[in-house]
Amino acid sequence: PTGNPKIHEKLQSMIETIYHQQQEQDQPQRVTLLTHSLGCIMVHHFLTTHVSQEWKERYLHAWIPVSAAFGGVPADLRSILWGDTLSIPWLRPLDVRDEQRSYETALWLLPDPHLYHDDDVNPEDNIVLQTLNRNFTSLDYLDLFNTQLADFANDGPLIYQRVKHLTQWTEWRGDNDTKTTRNSTQWRLMDPNVTVYPVYGTNVATPMRYIYNHNVQHIDEADDEEEDKVQGERLQWKKPQPKVVTSLDGDGTVPLRGLEAGNHWRFSQHPLILKSQDHVHVLSDTQLLNHVESIVRGTTHSSNINDNTQTVAQ
């Protein structure tokens with residue numbers, strides 16, 4: 001939204017146009033929003049900052065966030081620190097890293113401390129990057145840029161400052177038991193106050209932390225000494241790559257804590273959970289396609305997740 005300030009205006013205009021076209025065709029139906037991954041946090045920002053409740057009630061039928069990257073993802077650190085080729089052969093991480101660092105969305109997707117930092121848990125659980133010299137949490141990005149990323153020490157902080165407050169959070173006081181046992185503030189993703197049908201996969205190895213135990217002063221230091229060679233049909237490089245700590249609590253890209261970050265919302269319906277389905281392939285799952293059709297047609301059997309009455313999770 002900061003790099004493209006008119007994006008919300010365009011989205012609002014598109015929704016209103018579709019709505020009025022339906023009215024003209026004697027098909028009075030409100031609009032259903034279907035989003036995936038980064039698109040989910042974009043629409044969340046739209047719903048919580050740009051439009052009124054009256055507008056949402058008039059124009060929107062429902063929102064279906066699929067594989068939502070709420071609160072960012074630890075996997076995003078790879079693109080910022082080393083570059084992420086997305087498994088494309090004959091491409092070095094270094095070839096794409098500068099471009100990926102230039103994206104505001106790349107820094108917006110860094111793990112958000114509202115979701116990834118908790119003073120009441122084991123301090124090790126807050127670590128997103130481990131190096132020989134120190135560990136970094138989601139509170140340490142400015143230090144990370146300045147001490148580890150020599151080529152990003154100027155632009156990194158500037159971009160991060162522009163995007164770090166885009167996602168809207170609200171303080172959660174918890175129940176009485178929580179109040180007496182916790183020392184730190186808890187935060188919840190702000191409720192967009194629309195009917196929401198979450199969809200996501202689980203039980204797929206998902207990056208939670210990176211370990212870079214190589215003897216370099218900073219991560220960018222090894223760039224000048226990189227040597228490439230061809231082995232078989234793939235390009236290999238000697239620049240040290242990180243080890244990845246994974247968990248099955250996620251869809252291969254987004255950890256479960258992010259995928260279910262909106263499940264507490266007032267009008268959030270029981271999520272469609274597709275076990276062993278990853279972040280991208282969930283889009284071609286027939287259960288999702290059928291689920292979307294039933295929501296649009298108004299024939300879904302989902303119920304509010306807070307009612308504890310019925311679930312569509314598979």
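Small disclaimer: the values here were computed from a predicted structure and weren't measured.

Asker: Would you mind going over helix α12 (residues 286–297) with me for this structure?
Answerer: Residues spaced three or four apart along an α-helix point in a common direction, a consequence of the helix completing one turn every 3.6 residues. An ideal rise of 1.5 Å per residue puts 16 Å on 12 residues; α12 measures up with 16 Å between its terminal C-alpha atoms. Listing the buried residues of α12 in full gives Leu 288, His 291, Val 292, Ser 294 and Ile 295. Looking straight down α12, one finds its buried side chains confined to an arc of 165°; they lie on one side. Residues Thr 286, Asn 290 and Arg 297 are exposed on α12 and point more than 90 degrees away from its buried face. Where the residues of α12 are buried, they touch β1 (31–36), β2 (60–66), β7 (199–202) and β12 (272–275). Its side-chain oxygen placed 2.7 Å from the backbone nitrogen of Gln 287, Asp 285 serves as the N-cap of α12. Gly 298 sits one or two positions beyond α12 and adopts a positive phi of about 80°.

Asker: What is the right way to look at the environment of Pro 113 in this model?
Answerer: Here Pro 113 shows up in helix α7 (residues 113–116). For Pro 113 and Trp 187, which are 74 residues apart along the polypeptide, the C-alpha to C-alpha distance reads 9.5 Å.

Asker: Any chance you could explain the pairing of strand β8 (residues 206–212) here in plain terms?
Answerer: Working note: regular strand, side chains alternate between the two faces of the sheet. In terms of burial, β8 is largely enclosed, as 7 of its 7 residues are buried. Sheet analysis places strand β3 (residues 127–131) next to β8, joined by 3 bridges and oriented parallel. The partner of Leu 129 across the bridge, within β8, is Tyr 210. Bridging between β8 and strand β11 (residues 243–247) involves 5 bridges; their strand directions are antiparallel. Bridging from a neighbouring strand, Tyr 210 pairs with Val 244 of β11.

Asker: Looking at this model, I keep getting lost on the sheet that holds strand β4 (residues 135–137). Mind explaining?
Answerer: The strands making up a sheet are joined through hydrogen bonds of the backbone, oriented either antiparallel or parallel. Spatially, β4-β3-β8-β11 is the arrangement adopted by the 4 strands of the open sheet, whose pairing is mixed. Each edge of the sheet is formed by a strand with only one pairing partner; in this case those strands are β4 and β11. Across the sheet, the mean angle separating the axes of adjacent strands is 25° when strand polarity is ignored. In the sheet, β3 pairs with β4 via 3 bridges, with the strands oriented antiparallel. Each bridged residue has a counterpart across the sheet, and for Gln 130 the counterpart in β4 is Asn 135.

Asker: How do you make sense of the pairing of β2 when you look at a structure like this?
Answerer: Within β2, 6 of the 7 residues are buried, which leaves the element mostly enclosed by the surrounding structure. Pairing of β1 with β2, which is carried by 6 bridges, proceeds in the parallel orientation. Looking at β2, one finds that Thr 35 is bridged to Pro 65.

Asker: Would you explain the confidence of the model for the protein in this entry?
Answerer: The predicted coordinates of low-pLDDT regions are not to be read in fine detail. Summarising the model, the protein shows a mean pLDDT of 86, and 84% of its residues fall at 70 or more. Long-range and interchain partners of residues 308–314, a stretch whose pLDDT sits below 50, account for 21 contacts in this model, where long-range means more than four residues apart.

Asker: Would you take a moment to explain the pattern of salt bridges for this structure?
Answerer: Two side chains bearing opposite charge may form a pair once their charged atoms approach each other closely. Counted according to the given criterion, the structure contains 6 salt bridges. Notably, a salt bridge pairs Arg 92 with Asp 95, separated by 2.7 Å at the nearest N-O pair. For Asp 95, a relative accessible area of 40% translates into the label partly exposed. Measuring nitrogen to oxygen at the nearest pair gives 3.5 Å for the salt bridge that ties Arg 134 to Asp 140. Of the residues examined, Asp 140 reaches a relative accessible area of 16% and is grouped as buried.

Asker: So what exactly am I meant to see when it comes to the layout of surface pockets here?
Answerer: Over the atoms, a rolling probe the size of a water molecule traces out where space has been left empty. Of the voids in this model, the largest pocket is the one considered here, and its volume is about 770 Å³. Taken together, 29 residues make up the lining of the largest pocket; nearest its centre are Ala 75, Asp 76, Asp 84, Leu 86 and Thr 253. Those elements giving two or more residues to the lining of the largest pocket turn out to be α4 (76–81), α5 (93–102), α6 (104–108) and β8. For the lining of the largest pocket, the leading source of residues is α4, giving 3 residues. Taken together, the residues that form the lining of the largest pocket break down as 15 nonpolar, 11 polar and 3 charged. If you go around the second largest pocket, you meet 21 residues; those closest to its centre are His 114, Leu 115, Gln 186, Trp 187 and Arg 257.

Procedures and definitions
Residues numbered from 1 in each chain as written. Predicted model: local features only at pLDDT ≥ 70, side-chain atom pairs only at ≥ 80, totals over all residues. Heavy atoms only, no water. Helix = DSSP H or I, 4+ residues; strand = E, 2+ residues; numbered from the N terminus. Expected span 1.5 Å × (residues − 1). Buried < 20%, exposed > 50% of the residue type's maximum accessible area, 1.4 Å probe, protein only. Arc of directions from axis to C-beta. Contact = heavy atoms within 4.5 Å. Polar contact = N/O pair within 3.5 Å; in protein donor to acceptor, adjacent residues only side chain to side chain. Pairing = 2+ DSSP bridges. Axes fitted to C-alpha atoms, helices over the stretch in contact; angles between N-to-C directions. pLDDT = per-residue confidence, 0-100. Salt bridge = Lys/Arg side-chain N within 4 Å of Asp/Glu carboxyl O. 1 Å grid on protein atoms, 1.4 Å probe; cavity = no way out; pocket = protein on both sides within 12 Å on 5 of 7 lines; lining within 4 Å. Points joined across faces, edges and corners; volume = space filled by probe spheres on them. Nonpolar A, V, L, I, M, F, W, Y, C, P; charged D, E, K, R; others polar.

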